Amino acid sequence: MAVMTDEERRRVHAQFMRVFRRFGLNSLPGNKADLRILVNAADDFADQHASTYNQMIPAAQRSLFDNDTKAAVLCAVILRRRLPELFRAEEDG
Amino acid sequence: MGTIYLERRPEQAQFLASAFPEYMKVNGTNMPASGLKYDASSSEAAHFRFVATNYGSGNLTAELFWYADTASSGAVVWEGALSVITPNTDSQDVETDAYATANTVADTHLGTTGQRLHSCSITLSNLDSLAAGDEVSLRIARLPADAGDTMTGDAILTAVRLSYSDS
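What you are looking at is a predicted structure, and each value in this text was computed from that prediction instead of being measured.

About the cut-offs
Per chain, residues are indexed from 1 in the order of the written sequence. Chain A is the first chain written and ligand 1 is the first ligand written, with later ones labelled in order. At least 70 in pLDDT is required for a residue's local features to be given in this predicted model, at least 80 for side-chain atom pairs to be given and counted, and no such filter applies to totals for whole chains, interfaces and linings, which use all residues. Excluded from the side-chain calculation are hydrogens and water; included are all heavy atoms of the structure. Each residue is assigned to one of three classes by its accessible area relative to the maximum for its type, calculated with a 1.4 Å probe on protein chains only: buried under 20%, partly exposed between the two thresholds, exposed over 50%. Numbering of helices and strands runs from the N terminus, with a helix taken as a DSSP run of H or I at least four residues long and a strand as a DSSP run of E at least two residues long. Any two strands are treated as partners once DSSP identifies two or more bridges connecting them. Residues are treated as being in contact if the distance between any of their heavy atoms lies within 4.5 Å. Computed with a 1.4 Å rolling probe, the buried area is the accessible surface lost when two parts are put together, summed over both parts. Note on definitions: salt bridges are taken to be side-chain nitrogens of Lys or Arg within 4 Å of carboxyl oxygens of Asp or Glu. Polar contact criterion, stated in full: a pair of N or O atoms within 3.5 Å, where within protein one must be able to donate a hydrogen and the other to accept it, and residues adjacent in sequence count only if both atoms are side-chain atoms. Gly is placed with the polar residues, together with every amino acid not listed as nonpolar (Ala, Val, Leu, Ile, Met, Phe, Trp, Tyr, Cys and Pro) or charged (Asp, Glu, Lys and Arg). Axis definition: a line fit to C-alpha positions, over the contact stretch in the case of helices; interaxial angles, taken between N-to-C directions, run 0 to 180 degrees.

**Notes on the pairing of strand 8 (residues 118-124) of chain B**
All names here are of chain B. Burial of strand 8 is one-sided: the residues H118, C120, I122 and L124 facing one way are buried, the residues S119, S121 and T123 facing the other way are not. Sheet topology places strand 5 (residues 57-68) next to strand 8; seven bridges connect them, and they run antiparallel. Looking at the pairing, T61 lines up with T123 of strand 8.

And the structure:
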């Protein structure tokens, strides 16, 4: 999978500013150019490390789950690690 | 010679069918806060109407009161434009009237506290042949595509104070 197009990145940048508070965060440092660089870097990271993540999954499960499910699980793990309020478990009470 | 002041609040704004700032009211710790949330990526505009009672001469000043939703740095570029009709004289259709060329101002977030209140003034020099007693529409927009508009997140407009000379 290639990196997103410039327009797709622009839309992520724009929408992130709109929904920023939904991530449980209050203050966004820097300016719009800073945030756009961060969006680009995150997309570059996702692109460059997609195969690394896929290879981390044991062969049986790698073929069992489709890419959308693998991506969703990765998102869930990252949210739980960094923004746990956005991925609370029923067990958390 | 005196200065006439007119105050306009978010609740008095009118909008077109699209590209308008969201009206918001937040229940603050001790009092509600309301405003118009101008997007950081798409240009949005609000329209305020008034009658230029006792207008004398000279430019109008639109003082904007605003605060940042999530940012604590960067700058916002605001635009103001006037559309004026002289009753009984202008044959212009009210519903198809256009705005004169806009004037702009850039205002930089002063930091320290993200949601602190700022004010800045747009000198409205394109008066669209304004005269005393004219009906006026004022358009206030944010210009997020302007190179000078660097602030992330919404800019929340809480009030507009217009002023002009009566002589």
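**Notes on the pairing of strand 10 (residues 155-165) of chain B**
All names here are of chain B. Of all eleven residues that make up strand 10, ten are buried, and the element is covered over most of its length. In terms of strand pairing, strand 1 (residues 3-8) meets strand 10 through six bridges, oriented antiparallel. Along strand 10, the bridge assignment pairs Y5 with S163. Examined bridge by bridge, strand 3 (residues 32-38) and strand 10 share three bridges and lie antiparallel to one another. Directly across from K37, in strand 10, lies its bridge partner I156. Alignment of strand 5 against strand 10, held across nine bridges, turns out to be antiparallel.

**A few points about the interface of chain A and chain B**
Contacts between the two partners involve twelve residues from chain A, matched on the other side by 17 residues from chain B. For the pair chain A and chain B, the two sides together bury roughly 1,100 Å², of which 42% comes from carbon and sulfur. At the surface where chain A touches chain B, the tally comes to three salt bridges. Where A:K32 meets B:D149, a salt bridge forms, and the shortest distance between an N and an O atom there is 2.9 Å. In this structure, the connection of chain A to chain B is made through nine residue pairs in polar contact (both at pLDDT 80 or more). Counting only elements with at least two residues in the side of chain A that touches chain B, the list comes to helix 1 (6-19) and helix 2 (32-48) of chain A. A total of three residues in the side of chain A that touches chain B trace back to one element, the largest contributor, which is helix 1 of chain A. Across the side of chain A that touches chain B, the residue classes tally to five nonpolar, four polar and three charged.

**With respect to unusual backbone geometry**
Residues and elements named next belong to chain B. A positive phi angle, close to 70°, is found at N88, a residue other than glycine. Among the structural elements, N88 can be located in the loop between strand 6 (75-85) and strand 7 (103-108). Unusually for a residue other than glycine, T112 sits at a positive phi of about 70°. With respect to the helices, strands and loops of the structure, T112 is situated in the loop between strand 7 and strand 8.

**So, the environment of B:Y55**
Residues and elements named next belong to chain B. Mapped onto the elements, Y55 comes out in the loop between strand 4 (45-51) and strand 5. Sequence-wise, Y55 and Y164 are 109 residues apart; in three dimensions their C-alpha atoms are separated by 6.7 Å. In this view, Y55 contacts L60, L127, L130, A131, A132, Y164, S165 and D166; residues no more than four positions away in its chain are not counted.

**Let's talk about the sheet that holds strand 6 of chain B**
All names here are of chain B. A sheet is described by the order of its strands in space; here four strands give the open sequence 4-9-6-7, paired in antiparallel fashion. Either end of the sheet is taken by a strand with one partner, and the two such strands are strand 4 and strand 7. Between one strand axis and the next, the sheet turns through 20° on average, direction left out of account. The pairing of strand 6 with strand 7 spans six bridges and is antiparallel.

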